[in-house]
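# Topology and contacts: notes
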Amino acid sequence: MNERMLLQLRGLRASIAGKQVLNGVDLEVRPGEVHAIMGPNGTGKSTLAAVLAGKPGYEVSADVAQLGGVDLLGLEPEERAHLGLFLGFQYPVELPGVNNTYLLRAALNARRRARGESEIDAYDFLQTIKGKARELGFDEALLARNVNEGFSGGERKRNEILQLAVLEPRLAVLDEIDSGLDIDALRQVAAGINRLRSPDRSFVLITHYRRLLDYVAADKVHVMRDGRIAASGDMSLVDQLEERGYEWVGDPQPALVD
Ligand code: ADP
Ligand code: MG
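Described in the following lines is the structure provided in the data block. Being a predicted model, the structure only gives us computed values, none of them experimental. (Residues numbered from 1 in each chain as written. Chains lettered and ligands numbered in written order. Predicted model: local features only at pLDDT ≥ 70, side-chain atom pairs only at ≥ 80, totals over all residues. Heavy atoms only, no water.)

### Comments concerning the site of ligand 1
Operational definition: Here a residue is near a molecule or strand as soon as one of its heavy atoms is found within 4 Å of it. Counting of polar contacts relies on pairs of N or O atoms within 3.5 Å, with two restrictions inside protein: one atom must be capable of donating a hydrogen and the other of accepting it, and residues adjacent in sequence are counted only when both atoms are side-chain atoms. Computed by Shrake-Rupley with a 1.4 Å probe, the accessible areas treat only the displayed protein chains as cover when residues are assessed. Here a helix means four or more residues in a row that DSSP labels H or I, a strand means two or more in a row labelled E, and each is numbered from the N terminus.
Near ligand 1, the surroundings consist of Ile 16, Ala 17, Lys 19, Val 21, Pro 40, Asn 41, Gly 42, Thr 43, Gly 44, Lys 45, Ser 46 and Thr 47. In this structure, Gly 42 approaches ligand 1 through a main-chain N or O atom, which is 2.7 Å from an oxygen atom. Contact distances for ligand 1 include 2.9 Å between an oxygen atom and a backbone N or O atom of Ser 46. Notes on ligand 1: free accessible area 560 Å², of which the protein chains cover 64%. When contributions to the shell around ligand 1 are tallied by element, the ones reaching two or more residues are strand 2 (19–29) and helix 1 (45–53). Top contributing element to the shell around ligand 1 by residue count: helix 1, with three residues.

Structure representation (structure tokens):
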């Protein structure tokens, strides 16, 4: 096992409701790297994120699927989270009756317990989270509200970034964190991602559009087609996609740049 690899996927396959969606995904992410996964609608990007996080209902197999050298597929979603995996949802759900700050503290304390660390009390947590909210340009009033209830699209996505800032994962998979954002919200979300980048935190950014990547420079760019990574390269691949669309990707000899 390569010690330097944070996420290692080889031959990841998944089906749901009798439909094969992932057809052998190969992906390697090192600590500190930011990877972008682009690709047309319906190609399996959200399925990849869901399967990594351990969402039930999929039939999943892989030659290799490891986070930090630990096999993921046998683990419950919360065990994956405790290993340092975070999933930011494409469509963050409303949780009526669940206070935003309460949920964040419960999530953080669950992870701290799993690591044998002491819990953080309500007062200390409130101070911490207010500081993080301010840093991220997030309206503090939203901390006291119920999770995503009545939040605008931009507020929901900023709340995902706030969760990320609180949980401090080793790998954050953000599924279309840029969708539905106006330009100011996009800038704030991108600034949040850049602020949270670090040598021991990696990101997989799933996105349709280059606009997020105008603000967050990815180390590697991948194109997904038909349930597998059909091409990989650097940011110049984004320009090629802009010019040529997705159709050419995955033709017999894909451009593979390491
Ligand atoms: P993307 O995120 O790239 O747009 P998805 O991963 O959401 O694509 O979906 C990939 C394919 O899997 C689509 O054809 C979609 O209809 C199908 N799919 C996703 N979830 C289900 C499900 N619960 N039941 C049946 N088909 C599904
Ligand atoms: Mg999707």
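So much for the structure itself; the text now carries on.
### Let's talk about the pattern of salt bridges
For clarity, the threshold we go by: A carboxyl oxygen of Asp or Glu within 4 Å of a side-chain nitrogen of Lys or Arg is what we treat as a salt bridge. Accessibility here uses a 1.4 Å probe with only protein chains present; expressed as a share of the type maximum, an area under 20% marks a residue as buried, one over 50% as exposed, and anything in between as partly exposed.
In total, this model carries ten salt bridges according to the counting rule given. Among the salt bridges present, the one from Glu 135 reaches Arg 195, with a minimum N-O distance of 4.0 Å. A residue pair is termed long-range when its members are at least 10 positions apart, and Glu 135 in helix 4 (residues 122–135) and Arg 195 in helix 6 (residues 183–196) qualify at 60 residues. Overall, Glu 135 belongs to the partly exposed group, its relative accessible area being 47%. The closest approach of N and O atoms between Asp 239 and Arg 210, which form a salt bridge, is 2.8 Å. Residue Asp 239 is found in helix 7 (residues 236–244), and its partner Arg 210 is found in the loop between strand 11 (202–206) and strand 12 (220–225); the two are separated by 29 residues along the sequence.

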